[in-house]
Amino acid sequence: MLHLSRPMNQQYAVTNSKGASVMSGDTIDGVLERFEETGPEFGRGLSNHGPMAAEALIAMGREDSIARWAEWYAARLGARPEARQPIAADEWREALGDIKRAGDWTAFFRRELANMPWRDALDLWVGRLGPGIVAGATHGVLRTAHAVRSIDRAETPQRIDELAIGLAYWAARYQEIPAASTNDAGGSIEQAMARLNPLGPETPRSGLIFEVVRRIPAERIENAANLIVVDSDLDGFVSDVTGVFVRQYIANARPAGIAFIHTVTAPSALRMLAPHLRPETLRATMRDVWQ
């Protein structure tokens, strides 16, 4: 349980589960320290939105709302997973997509961020994890991006640690979508949408988003990445993707609203990451986001 109180000076005080003060810097740092004690998921695979939502409230100028919301939200969360089996620097691929090793991944990325500047680590690992960007229904890249935006405001130990946890979740839920190399001429997002064939009723739709994606036959999706042309215009790309998929969300809000809202939020996360990525990393990630 998250324990928060509001002293006379109107600053929120945050204490951890043992009653010790964890407030440092501003409200987001104290809240991040508390959420660090929680796991990346809860229930049967739902993503922990705590740090992301707290950062979003800061970005919207609603710091006054964080404590009350966080206290309500933290009550549903379980304890953080412990590190049990270290991931060697040359064996990280073998641990990709293993949610049972989320604690090991967190320890791994804490080491990475201790041994190199955070921007270098971010570019390296966004490039490596990009093909699995659907990880946790895109919440791996989302949590990473919110951490980066928070670091942009001030580089603190709590925010660097949140970046490690975000990358760890992305790696632990890593999930590639089948892709095939073809000679198809790519076009705009609108043109690509017109060439996609909707899934038929033979594809089961029940379960979590990443479970449904896993059931899609490879031949129905592997050519999607080749249907667009990716250039260096990030703002245009994000605007085109989100514009198209906002319309998809509106048309499908009742049967698949949660799935389609993430086709808007995940591309938008690139705006937070882009200033810290090399052009070639960014272009590859834009393609991964579309797919």
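Residues numbered from 1 in each chain as written. Predicted model: local features only at pLDDT ≥ 70, side-chain atom pairs only at ≥ 80, totals over all residues. Heavy atoms only, no water.

### Details of the packing of helix α10 (residues 234-273) against helix α11 (residues 279-290)
- Running from amino to carboxyl end, α10 crosses α11 at an angle of 15 degrees, the nearest separation of the two axes being 11 Å. By the angle class used here, α10 and α11 are roughly parallel. Considering only the axes of α10 and α11, their crossing is left-handed. Within the contact between the two elements, α10 uses L234, F237, F245, P267 and L270 and α11 uses L282, T285, M286, V289 and W290.
- Counted by class, the contact of α10 with α11 contains nine nonpolar, one polar and no charged residues. (Axes fitted to C-alpha atoms, helices over the stretch in contact; angles between N-to-C directions. Helix = DSSP H or I, 4+ residues; strand = E, 2+ residues; numbered from the N terminus. Parallel < 35°, antiparallel > 145°, perpendicular 65-115°, else oblique. Left-handed = near helix turned anticlockwise from the far one by under 90°. Contact = heavy atoms within 4.5 Å. Nonpolar A, V, L, I, M, F, W, Y, C, P; charged D, E, K, R; others polar.)

### Section: the packing of aromatic side chains
- Per the stated rule, a full pass over the model turns up 11 aromatic pairs.
- Ring geometry for W72 against Y73: centres 6.1 Å apart, planes inclined by 55 degrees, an arrangement best described as tilted.
- Residue classification places W72 among the exposed residues on the basis of a relative accessible area of 51%.
- For Y73, a relative accessible area of 5% translates into the label buried.
- Of the aromatic side chains, those joined through ring pairs into one cluster are W92, W105, F108, F109 and W125.
- Above the ring of W125, the side-chain terminus of R128 is found at 4.7 Å from the ring centroid. (Phe/Tyr/Trp six-rings, centres within 6.5 Å; stacked < 30°, edge-to-face > 60°. Buried < 20%, exposed > 50% of the residue type's maximum accessible area, 1.4 Å probe, protein only. Lys NZ or Arg CZ within 6 Å of the ring centre and 35° of its normal.)

### Details of the pattern of salt bridges
- Under the definition given, this model contains 17 salt bridges.
- Of the charged contacts, one joins E41 and R173 as a salt bridge, the two residues approaching to 2.8 Å between their closest N and O atoms. Of this pair, E41 sits in strand β3 (residues 41-42) while R173 is found in the loop between α7 (157-172) and α8 (189-195), placing the two residues 132 residues apart along the sequence.
- What makes R173 buried here is its relative accessible area of 16%.
- Of the charged contacts, one joins R271 and D235 as a salt bridge, the two residues approaching to 2.7 Å between their closest N and O atoms.
- A residue is classified by how much of its surface remains accessible, and R271, at 35% relative accessible area, is partly exposed.
- Classification of D235 as partly exposed rests on a relative accessible area of 48%.
- A single network of salt bridges, built from pairs that share partners, joins E36, R80, E82, R110 and D161. (Salt bridge = Lys/Arg side-chain N within 4 Å of Asp/Glu carboxyl O.)

### Remarks on empty space enclosed by the protein
- All told, the structure shown has two cavities of 30 Å³ or more when counted by the stated rule.
- Estimates place the volume of the largest cavity at around 50 Å³.
- Every residue along the wall of the largest cavity is listed here: G130, P131, I133, V134, I177, D288 and Q291.
- For the lining of the largest cavity, the class distribution of residues is four nonpolar, two polar and one charged.
- The volume enclosed by the second largest cavity comes to roughly 30 Å³.
- As for the second largest cavity, its lining consists of I28, L32, P51, E55, H146, A147, S150 and E162.
- Counting residues per element, the ones that place at least two in the lining of the second largest cavity are α1 (27-35), α2 (50-59) and α6 (139-153).
- Per-class residue counts for the lining of the second largest cavity are four nonpolar, two polar and two charged. (1 Å grid on protein atoms, 1.4 Å probe; cavity = no way out; pocket = protein on both sides within 12 Å on 5 of 7 lines; lining within 4 Å. Points joined across faces, edges and corners; volume = space filled by probe spheres on them.)

### Some points on the side chain of D29
- Following the sequence through the fold, D29 ends up in helix α1.
- Given a relative accessible area of 1%, D29 falls into the buried group.
- Only 2.9 Å separates the side chain of D29 from the side chain of R159, close enough to count as a polar contact. (Polar contact = N/O pair within 3.5 Å; in protein donor to acceptor, adjacent residues only side chain to side chain.)

### Concerning the packing of helix α4 (residues 102-115) against α7
- Viewed as axis vectors pointing N to C, α4 and α7 meet at an angle of 135 degrees, and their least axial separation amounts to 8 Å. Relative to α7, the element α4 lies oblique. Where α4 crosses over α7, the two elements pack in a sense that is right-handed. Facing α4, whose interface residues are A102, W105, T106, F109, R110 and L113, α7 presents I160, D161, L163, A164, I165, L167, A168, A171 and A172.
- For the contact of α4 with α7, the per-class residue count stands at 12 nonpolar, one polar and two charged.

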